Amino acid sequence: MARTKKTVDKEELRQRRAVLYAAIEAGAVTLQHAVKEMRAISRLTQAQFAQHRGVSLKTIKEIESGKGNPTIQTLNRIGQFFGLEVAFVRTETLREKEIAPASARAISPQ
């Protein structure tokens, strides 16, 4: 018996993609979550996703389980379909450190 995929709600997929992009831009998403979400949006199994992205199934499994240590080239292959590439992102911790001294100066007596 052949399995059929559920009907696609294209608007829901667009919204999920927009949420993913916003989380990535804000630096509020882990690699593990981003890859899982990209695969879910693509509606592919781990094996299909790996084959489509030109990486091994083992690599996808390791990344999604939080145990992987992929190369930049592998990450770029995975993200390419979504228009993503590896880059440096400022973390919230760094932003807080920059803001704290400025706010402390603003309220300190002169």
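For clarity, every value in this text was computed on a predicted model and none was experimentally measured.

Looking at helix α5 (residues 72-80)
- Within the sequence span of α5, burial applies to Thr-74, Ile-78 and Gly-79. Projected down its long axis, α5 carries its buried residues within an arc of 125°, all on one side. With respect to the buried face of α5, the exposed residues turned more than 90 degrees away are Ile-72, Gln-73 and Gln-80.
- Looking at the buried positions of α5, the neighbouring elements they touch are α2 (31-42), α3 (46-53) and α4 (57-64).

Quick look at the pattern of salt bridges
- The full count for this structure, using the stated rule, is four salt bridges.
- Between Arg-14 and Glu-11 there is a salt bridge; the shortest N-O distance is 3.1 Å. Remark: Glu-11 and Arg-14 occur in helix α1 (residues 10-26); sequence separation between them is three residues, near one turn of the helix.
- Note on Glu-11: relative accessible area 42%, which makes it partly exposed.

What to know about the environment of Ser-65
- Mapped onto the fold, Ser-65 is located in the loop between α4 and α5.
- Residue classification places Ser-65 among the partly exposed residues on the basis of a relative accessible area of 37%.

Points about α2
- Counted at 1.5 Å a residue, the expected span for α2 with its twelve residues is 16 Å, and the 16 Å between its end C-alpha atoms agrees.
- Residues Ala-34, Val-35, Glu-37, Met-38, Arg-39, Ile-41 and Ser-42 constitute the buried set of α2.
- Here the buried face of α2 lies against α1, α3, α4 and α5.
- Once α2 finishes, Arg-43 follows within two positions and takes phi at roughly 60°, a positive value.

About the thresholds
- Starting afresh in each chain, residues are numbered from 1 along the sequence in its written order.
- Residues qualify for local features only when their pLDDT is at least 70, as the model is predicted, and side-chain atom pairs are given and counted only at 80 or more; totals for whole chains, interfaces and linings, by contrast, use all residues.
- Hydrogen atoms and water are omitted, and side-chain values are computed over all heavy atoms in the structure.
- Classification of residues uses two cut-offs on accessible area relative to the type maximum, computed with a 1.4 Å probe and protein chains only: under 20% is buried, over 50% is exposed, and between them is partly exposed.
- The helix and strand labels rest on DSSP assignments: H or I over at least four residues marks a helix, E over at least two residues marks a strand, and numbering proceeds from the N terminus.
- By construction, the arc corresponds to the directions joining the helix axis to the C-beta atoms.
- We call two residues in contact whenever any of their non-hydrogen atoms come within 4.5 Å of each other.
- When a carboxyl oxygen of Asp or Glu lies within 4 Å of a side-chain nitrogen of Lys or Arg, that pair is called a salt bridge.
- To estimate the expected span of a helix, count its residues, drop one, and scale the result by 1.5 Å.

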